Amino acid sequence: MNIIWVIFKKEMKEIFRDRKSLFTMIGFPILILPILIAGAAEITKKIAEKEAKKNIKIAFVNDKQDNELIIFFSQEKKYQIIDNINKSNFKSLIESDSLDIVLEIDKNYNNNLNSNNSGKIILHHNTSGIDEVHVNFTNDIINKYEEKILASRLKEKNIEESLLNPIDLTKNNITSEKEQFGKSVGGFIPYFILIYCLLGAIMPAIELGASEKEKGTLETLLATPSNYFKILMGKWGAIFSISFLSAFAVILGMLLGINIVDIPPNIYSLLSNLFNIKTIIILMILITPIAGLFSAITLAISVYSKSFKEAQNFMSPLMMIILLPAIMGMSLPLELNNTNAIIPIFNVVLACKEVMSGTIETILLMEVILSSFILSVIAIFFSSKLFKKESYIFRN
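Quick caveat: nothing in here was measured; it's all calculated off a predicted structure. (Residues numbered from 1 in each chain as written. Predicted model: local features only at pLDDT ≥ 70, side-chain atom pairs only at ≥ 80, totals over all residues. Heavy atoms only, no water.)

(A) Broad picture of the side chain of Ser243. Checked against the element boundaries, Ser243 lands in helix 11 (residues 228-260). By relative accessible area, Ser243 is classed as buried at 0%. Beyond its immediate chain neighbours, meaning those up to four positions away, Ser243 contacts Cys197, Gly200, Ala201, Ala291 and Ser295. (Helix = DSSP H or I, 4+ residues; strand = E, 2+ residues; numbered from the N terminus. Buried < 20%, exposed > 50% of the residue type's maximum accessible area, 1.4 Å probe, protein only. Contact = heavy atoms within 4.5 Å.)

Okay, structure coming up:
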């Protein structure tokens, strides 16, 4: 055990000498995440303010068919009605942002309404993403106008409006705000944690494996009376420590961002509830065996590589292999169960979502931790077997 500790201290000193890599793995997420959170909050605020102040430029084609509709829209302060447009070329006006929306009223609109039929209106727009707010707002106005016409028709026929709505349905979502918010945010957080957990393993693994082979110091270390397994465990312990610290740095960066950035009180309250001490401890327990797994795999690849460059080439696909299940767990609307609780990486992302929303079951949480731990032990075992083979270490 003393030999492992000596090698561990030696490797940690080696890692801490490379200040640039250390900053990238640990310092960068602590500094950059608050900036990203602040930037995202400020951009969202600016967009919301801009959309609130922005008028919707609207025009009507065949407006004489329904003057009441024009009056109905003119009562809304958000609308700026543009008159006398080129009716044959209104699509180019929308594309050039001279207009936001054009309502094309059918030529038989008035006759159809008078005969208690449906009048046709085409809503022309060229929007996507957040701009669709204009379209949705316009659609709501038209729905209100439609309700007004319907009420007038029912009054003429002496029909009560309640006859058209025999069932009064009230929706009551019993899901708490924390659970809803945790499910949506909880998928992104483990994604960033896993990225930095892997990066925190890759950089020191290359330094303690392939780089030492290039420098010729690995042969010197292996020539000592120390057991190969103890040498491996000393190196693995150093890589695991940096990988774990990198993952924790992401959480620390998020905590700093939440408390430093000016966030609306309701969102701040939800985020504070998500990032409580209990949740952070559970997240780090979940990440611990994954950090061990990443450390064992990256060290085995690094020792096998002939050079620093070759180690980088071998580890590049590893990022995609790790991120694919992480993206699936983040994006798919799945819940943790006994089956997916044993799927590596995927299970950790789903468990993190459940932990953040406060709906995690203790049995499933233990299953995820245990399966990840067993996988980590298997990876260390195979790495030790390969590390004992000189034909594996010294391929050249």
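(B) The arrangement of helix 1 (residues 2-17) in detail. Taking 1.5 Å of rise per residue, the 16 residues of helix 1 would be expected to cover 22 Å, and the 23 Å separating its terminal C-alpha atoms lies within 8% of that figure. By the burial criterion, the buried members of helix 1 are Ile4, Ile7, Phe8, Glu11, Met12 and Ile15. Projected onto a plane normal to the axis of helix 1, the buried residues spread over an arc of 140° and lie on a single side. Residues of helix 1 that are exposed and point over 90 degrees away from its buried face: Asn2, Lys13 and Arg17. (Expected span 1.5 Å × (residues − 1). Arc of directions from axis to C-beta.)

(C) Inspection of unusual backbone geometry at higher detail. A positive phi angle is found at Asn116, which is not glycine, with a value near 60°. Looking at the secondary structure, you find Asn116 in the loop between helix 5 (109-114) and strand 4 (121-125). In this structure Asn116 comes out as partly exposed when scored by relative accessible area, which is 37%. Despite not being glycine, Ile345 shows a phi value in the positive range, around 65°. As for its placement among the helices and strands, Ile345 is situated in the loop between helix 14 (308-331) and helix 15 (346-357).

(D) Representation of the packing of aromatic side chains. Under the criterion given, the structure shown has 10 aromatic pairs. Geometrically, the ring pair formed by Tyr304 and Phe314 is tilted, given 6.0 Å between the ring centres and 40° between the ring planes. Here Phe314 lies in helix 14 and Tyr304 lies in helix 13 (residues 277-304), a separation of 10 residues in the sequence. We classify Phe314 as partly exposed; its relative accessible area is 35%. One aromatic cluster in this structure is built from Phe60, Phe73, Tyr79 and Phe137. (Phe/Tyr/Trp six-rings, centres within 6.5 Å; stacked < 30°, edge-to-face > 60°.)

(E) Focus on the pattern of salt bridges. Evaluation of the coordinates by the stated rule reveals 3 salt bridges. Across the pair Glu14 and Arg17 runs a salt bridge, and its minimum N-O distance is 3.0 Å. You can see Glu14 and its partner Arg17 sitting in helix 1, 3 residues apart, about one turn around the helix. Through salt bridges with shared partners, one network takes in Lys10, Glu11 and Lys235. (Salt bridge = Lys/Arg side-chain N within 4 Å of Asp/Glu carboxyl O.)

(F) Summary view of the packing of helix 1 against helix 11. Contact geometry for helix 1 and helix 11: axes closest at 8 Å, N-to-C directions at 45°. With respect to each other, helix 1 and helix 11 are oriented oblique. Regarding helix 1 and helix 11, the two cross each other, and that crossing is right-handed. Two secondary-structure elements touch here, helix 1 through Ile3, Ile4, Ile7, Phe8, Glu11, Met12, Ile15 and Phe16 and helix 11 through Lys230, Ile231, Met233, Gly234, Lys235, Gly237, Ala238, Ser241 and Ile242. Grouping the amino acids of the contact of helix 1 with helix 11 by side-chain chemistry returns 11 nonpolar, 3 polar and 3 charged. (Axes fitted to C-alpha atoms, helices over the stretch in contact; angles between N-to-C directions. Parallel < 35°, antiparallel > 145°, perpendicular 65-115°, else oblique. Left-handed = near helix turned anticlockwise from the far one by under 90°. Nonpolar A, V, L, I, M, F, W, Y, C, P; charged D, E, K, R; others polar.)

(G) Just a negative patch on the surface, in detail. Residues Glu146, Glu147, Glu160 and Glu161 make up a contiguous surface patch of negative charge. Among the secondary structure elements, Glu161 is positioned in the loop between helix 6 (132-156) and helix 7 (177-185). According to the relative accessible area criterion, Glu161 is partly exposed, its value standing at 48%. (Patch = residues over 30% accessible without salt bridge, like charges linked within 9 Å, V, L, I, M, F, W, Y side chains within 5 Å. Areas by Shrake-Rupley, 256 points an atom, 1.4 Å probe, with all protein chains shown as cover. Lys, Arg positive; Asp, Glu negative; His and termini not counted. Charge placed at Lys NZ, Arg CZ, Asp CG, Glu CD.)

(H) How the structure looks around the sheet that holds strand 2 (residues 79-81). The strand order across the open sheet built from 4 strands is 2-1-3-4, with neighbouring strands paired in mixed fashion. In this open sheet, the two strands that pair with only one neighbour each are strand 2 and strand 4. Each strand of the sheet is rotated relative to its neighbour by a mean of 25°, with strand direction disregarded. Across 4 bridges, the pairing between strand 1 (residues 56-61) and strand 3 (residues 101-105) is parallel. The residue bridging Ala59 from the neighbouring strand is Val102, located in strand 3. (Pairing = 2+ DSSP bridges.)

(I) Region of the structure containing the nonpolar core. By size, the foremost hydrophobic cluster in this structure holds 83 residues, and its most contacted members are Leu194, Leu286 and Phe294. Element by element, the count of residues in this core is highest for helix 11, at 15 residues. In this structure, Leu286 is in contact with Val348, Ala351, Cys352, Val355, Leu365, Val368 and Ile369, ignoring residues within four places of it in sequence. Residues Ile56, Leu69, Ile101 and Leu113 belong to the second largest nonpolar core, which totals 16 residues. (Core = buried A, V, L, I, M, F, W, Y, C linked by side-chain atoms within 4.5 Å.)

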